[in-house]
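# Coordinates in review
Spelled out, the chains give:
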Amino acid sequence: MKIKLSCPHAVYGDEMRIWCKRRGAWCAHVFFKRCKGWWSLTPSAADCPVRKEGDHDD
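About the thresholds
- Residues numbered from 1 in each chain as written.
- Predicted model: local features only at pLDDT ≥ 70, side-chain atom pairs only at ≥ 80, totals over all residues.
- Heavy atoms only, no water.
- Core = buried A, V, L, I, M, F, W, Y, C linked by side-chain atoms within 4.5 Å.
- Buried < 20%, exposed > 50% of the residue type's maximum accessible area, 1.4 Å probe, protein only.
- Contact = heavy atoms within 4.5 Å.
- Pairing = 2+ DSSP bridges.
- Helix = DSSP H or I, 4+ residues; strand = E, 2+ residues; numbered from the N terminus.

Here we take up the nonpolar core. One broad trend across soluble globular proteins is that nonpolar side chains are buried collectively. Within the largest apolar cluster, six residues are counted, these being C7, A10, I18, C27, L41 and A45. Here L41 is in contact with L5, S6, C7, I18, C27, H29, V30 and F31, once residues within four sequence places are set aside.

Turning to the sheet that holds strand β3 (residues 25-26), a few remarks are in order. The strand order across the open sheet formed by three strands is β1-β2-β3, and the pairing between neighbours is antiparallel. Where the open sheet ends on each side, the last strands, each with one partner, are β1 (10-12) and β3. Judged from the two bridges that link them, strand β2 (residues 18-20) and β3 form a sheet pairing that is antiparallel. Bridge pairing in β3 places C20 opposite A25.

Below you can see the structure in the form of structure tokens.
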């Protein structure tokens, strides 16, 4: 099963933490789903200023 993330710059990294490819750091708009054992994006991820920066090829 592949878990899809709503942000085009987000990918799952170590321990199912969400990595921001644009920033080169862990995403700040996340929360841990204890029942599932992985991280998910918060609703505020849709308003992330990094996500709204001009489109670049990753």
